[in-house]
Amino acid sequence: MSRILLLGPAREAAGVGHDDIDGASVAEVLRVAVARYGPAFEEVLSVSKVWVNGEPCDDDHPVGRQDEVAVLPPISGG
Amino acid sequence: MSRILLLGPAREAAGVGHDDIDGASVAEVLRVAVARYGPAFEEVLSVSKVWVNGEPCDDDHPVGRQDEVAVLPPISGG
Amino acid sequence: MYPKENVDWVAVCATPLEPDVLTAWVTRPNCGAVVTFCGTARSSSSTGHDITELQYETSDEMALARLRDVVASARERWPELGAVAIQHRVGSVLLEQPAVVIAISSPHRQEAFEAAQFCIDTVKKSVPMWKREVWLGGSAWSQEAHDIVDVRDA
Amino acid sequence: MYPKENVDWVAVCATPLEPDVLTAWVTRPNCGAVVTFCGTARSSSSTGHDITELQYETSDEMALARLRDVVASARERWPELGAVAIQHRVGSVLLEQPAVVIAISSPHRQEAFEAAQFCIDTVKKSVPMWKREVWLGGSAWSQEAHDIVDVRDA
């Protein structure tokens, strides 16, 4: 069970800003998330970066209950 | 009779900020000014620019009673 | 009220930014130059609508971490800098209001200008932040968006 | 109080400059960037003394004419600029107080940064202004002085 953080357009597409999701790796968490939130989220995810605990991370990175997986769509600050 | 305007270090060296001086050209006005204000002014004048009516000007430029001769030592604004 | 004793100050703010407070805060007796940049909400947009408001959202924690990285990177490049302050708004930013303010002091002006430009460029490339454009009758996420890049690669 | 309807504002001021007033004044709904530069009185000097105060003097009329030339030259180089404001102090400027403030808005930030740098560089080269440095027990004209240059040649 990891925490997923959904930001900006990813939050909007998922309909929630954060959630708890089962999965032993980043890829597994994202697979569950796509199944849960549907195609609009999948589309945003396809152009997003994924970080674990505030840092860039590979898809096969293992995650557990202390970990936060964040979905970061293209940014537009400033 | 022209008006002479003495700025910054030129004002300090001359002891006045402006004055009325006889002379048909810039050069003549400056000659009278050096005689009147002495060597400290002459020294400042030697490193200064001279403008007539707010614009750069040659030494032999004729001047009359409507004209203002300004002595501009090296600047240090900002 | 603000961390006077420090030389860096980063914040993510839900209330209007005050550029004059940042300008005053970075001013130091050994610094002859202060450059203050305000990124303000403007009416024109990539979508062609007449913008009336911008809405920013982020993860405060992630944004603050990246803002700190931006300042650290500027200090590596320009060790002469005096104080550095960067604040980014979240929530609703009305037309002409600042969405981001950067204020930097340095002994001489060249470094302050260069560092301020570097900081705003890098904030835009590296700080997680999402902008929604609002116009009369609609809103949409900004189309001027790009992949987030690490500060070291920005 | 100030010329709101204009897009340029130059002044020579005998009272403390207010950077926030200039920043607010140049802000425009079609401009996404405001760069504000403050040249502040600092403690160190070319003479090695610990400066406590600067004293500026000028001919207001000549200085204003040159400040207007500086703005006109910036506008020729960066036609996209929004509003431009330049103010220079005369009289006594205490440590950390601004001696000169330049604020410039533009649709995008690059021009605002470039124009602000151009303006302060050109003010220093072309505006008649003389600075006296004051320290505990003495004072002298600044030794960082240079021949005045026409704005067109700056």
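Note that the coordinates shown come from a computational prediction; the quantities given were computed from them, not determined experimentally.

Asks: Can you tell me about the interface of chain D and chain C, naming the residues and giving the values?
Replies: Counting from both sides, the interface comprises 31 residues of chain D and, opposite them, 31 residues of chain C. Summed over both partners, the interface of chain D with chain C comes to about 2,700 Å²; 53% of that surface belongs to carbon and sulfur atoms. A per-residue breakdown of the area chain D buries against chain C is headed by D:Arg42, D:Arg109 and D:Phe113, which together make up 24% of the total. Where chain D touches chain C, the interface holds 2 salt bridges. As a salt-bridge pair, D:Asp121 and C:Arg109 come within 2.7 Å of each other at their nearest N and O atoms. At the junction of chain D with chain C, the criterion picks out 15 residue pairs in polar contact (both at pLDDT 80 or more). Every element with two or more residues in the side of chain D that touches chain C is listed here: α1 (19–26), β2 (33–40) and α3 (109–126) of chain D. Considered class by class, the residues forming the side of chain D that touches chain C number 13 nonpolar, 11 polar and 7 charged.

Asks: Residue-level account of the sheet that holds strand β5 (residues 68–72) of chain B, with values.
Replies: Backbone hydrogen bonds hold the strands of a sheet together, and the pairing may be parallel or antiparallel. Overall, mixed pairing links the 5 strands, which are arranged β2-β1-β5-β3-β4 (chain B) in an open sheet. The open sheet has two edge strands, β2 (18–21) and β4 (55–56) of chain B, and neither has a second partner. Summarising the sheet, strand β3 (residues 49–52) of chain B and β4(B) pair through 2 bridges and their orientation is antiparallel. Pairing of B:Trp51 across the sheet is with B:Pro56, part of β4(B). On top of the sheet, helix α2 (residues 60–77) of chain D reaches β1 (2–6), β3, β4 and β5 of chain B; it is set at about 75° to β5(B), its chief contact.

Asks: Any chance you could break down α3(D) for me, citing the residues and the numbers?
Replies: The terminal C-alpha atoms of α3(D), which comprises 18 residues, lie 25 Å apart, in line with the 26 Å expected from a rise of 1.5 Å per residue. For α3(D), the elements touching its buried residues are β2 (33–40) and α3 (109–126) of chain C together with β2, α2, β4 (84–89) and β6 (98–106) of chain D.

Asks: Help me get a handle on the side chain of D:Lys131, residues and values and all.
Replies: The residue D:Lys131 is located in strand β7 (residues 130–135) in this model. Apart from residues no more than four positions distant in its own chain, D:Lys131 is found in contact with B:Ser76, B:Gly78, D:Leu54, D:Gln55, D:Tyr56, D:Ala140, D:Trp141 and D:Ser142.

Asks: Account for the sheet that holds strand β6 (residues 98–106) of chain C, naming residues and giving values.
Replies: Within the open sheet, the 8 strands sit side by side as β1(C)-β4(C)-β6(C)-β2(C)-β2(D)-β6(D)-β4(D)-β1(D). Their pairing is mixed. Of all strands in the sheet, those bounded by a partner on one side alone are β1 (8–13) of chain C together with β1 (8–13) of chain D. Pairwise comparison of adjacent strand axes, ignoring direction, gives a mean angle of 5° for this sheet. Pairing of β2(D) with β6(D) involves 8 bridges; the strand directions are antiparallel. If you follow D:Phe37 over to β6(D), its bridge partner there is D:Ile102. The strands touched by α1(D) within the sheet are β2 of chain C together with β1, β2, β4 and β6 of chain D, with β6(D) carrying the most contacts at an inclination of about 15°.

Asks: Got a sec to walk through the relation of the copies chain D and chain C? Specific residues and values, please.
Replies: For the pair chain D and chain C, the superposition axis carries a translation of 0.0 Å, the fit reaches an RMSD of 0.0 Å, and the rotation angle comes to 180°. Such a combination of rotation and displacement between the chain copies is what one expects of a two-fold axis. With an isologous cut-off of 70% or more, the 100% of interface residues of chain D that recur at the interface of chain C puts this contact in the isologous class.

Asks: Tell me about the nonpolar core, and please be specific about residues and values.
Replies: Core analysis: the largest hydrophobic core is formed by 72 residues, its most contacted members being C:Ile86, C:Ile104, D:Ile86 and D:Ile104. Once you skip the residues sitting within four places of it in the chain, D:Ile86 turns out to touch D:Trp9, D:Val10, D:Ala11, D:Leu67, D:Val70, D:Val71, D:Val101, D:Ile102, D:Cys119 and D:Val123.

Asks: Mind laying out the interface of chain D and chain B, listing which residues take part and the relevant values?
Replies: Each partner contributes to the interface: chain D provides 25 residues, whereas chain B provides 20 residues. Summing both sides of the interface, chain D and chain B together bury roughly 2,000 Å²; the carbon and sulfur share of this comes to 61%. For chain D, the biggest contributors to the area lost against chain B are D:Met62, D:Trp130 and D:Ile148; these three give 33% of the whole. Inspection of the region where chain D meets chain B yields 4 salt bridges. Linking chain D with chain B are 14 residue pairs in polar contact (both at pLDDT 80 or more). Elements supplying a minimum of two residues to the side of chain D that touches chain B: β3 (51–57), α2, β6, α3 and β7 of chain D. Its residues assigned to classes, the side of chain D that touches chain B comprises 11 nonpolar, 6 polar and 8 charged.

Asks: Can you break down the arrangement of the chains residue by residue, with the values?
Replies: The pair of protein chains exhibiting the most contacts, out of 3 pairs of chains in contact, is chains C and D. You won't find any contact between chain B and chain C; their C-alpha atoms come no closer than 10 Å.

Asks: Could you give an account of a negative patch on the surface, naming the residues involved and the relevant values?
Replies: Taken together, C:Glu18, C:Asp20, D:Glu18 and D:Asp20 make up a surface patch of like negative charges. Tracing the sequence through the fold places C:Asp20 in helix α1 (residues 19–26).

Asks: Before we move on, can you summarise helix α3 (residues 39–46) of chain B with the specific residues and values?
Replies: All names here are of chain B. Within α3, the full set of buried residues consists of Phe41, Val44 and Leu45. Seen from one end, α3 has its buried residues packed into an arc of 100°, which puts them on one side. Opposite its buried face, α3 presents the exposed residues Pro39, Glu43 and Ser46, each directed more than 90 degrees away. Here the buried face of α3 lies against β1, α1 (9–14), α2 (26–37), β3 and β5.

Asks: Could you give me a rundown of the pattern of salt bridges, with the residues and numbers involved?
Replies: When the charged atoms of two side chains with opposite charge come close together, those side chains can pair. One pass over the full model with this rule turns up 22 salt bridges over all chains. Residue A:Arg3 pairs with A:Glu68 through a salt bridge whose shortest N-O separation is 3.8 Å. One end of the pair, A:Arg3, is in strand β1 (residues 2–6); the other, A:Glu68, is in strand β5 (residues 68–72), with 65 residues separating them in the sequence. Here the salt bridges do not stand alone but share partners, grouping A:Glu55, C:Arg66, C:Asp69, C:Asp150 and C:Arg152 into one network.

Criteria and thresholds
Residues numbered from 1 in each chain as written. Chains lettered and ligands numbered in written order. Predicted model: local features only at pLDDT ≥ 70, side-chain atom pairs only at ≥ 80, totals over all residues. Heavy atoms only, no water. Contact = heavy atoms within 4.5 Å. Buried area = accessible area lost by both parts, 1.4 Å probe. Salt bridge = Lys/Arg side-chain N within 4 Å of Asp/Glu carboxyl O. Polar contact = N/O pair within 3.5 Å; in protein donor to acceptor, adjacent residues only side chain to side chain. Helix = DSSP H or I, 4+ residues; strand = E, 2+ residues; numbered from the N terminus. Nonpolar A, V, L, I, M, F, W, Y, C, P; charged D, E, K, R; others polar. Pairing = 2+ DSSP bridges. Axes fitted to C-alpha atoms, helices over the stretch in contact; angles between N-to-C directions. Expected span 1.5 Å × (residues − 1). Least-squares fit on C-alpha atoms with pLDDT ≥ 70 in both. Core = buried A, V, L, I, M, F, W, Y, C linked by side-chain atoms within 4.5 Å. Buried < 20%, exposed > 50% of the residue type's maximum accessible area, 1.4 Å probe, protein only. Patch = residues over 30% accessible without salt bridge, like charges linked within 9 Å, V, L, I, M, F, W, Y side chains within 5 Å. Areas by Shrake-Rupley, 256 points an atom, 1.4 Å probe, with all protein chains shown as cover. Lys, Arg positive; Asp, Glu negative; His and termini not counted. Charge placed at Lys NZ, Arg CZ, Asp CG, Glu CD. Arc of directions from axis to C-beta.

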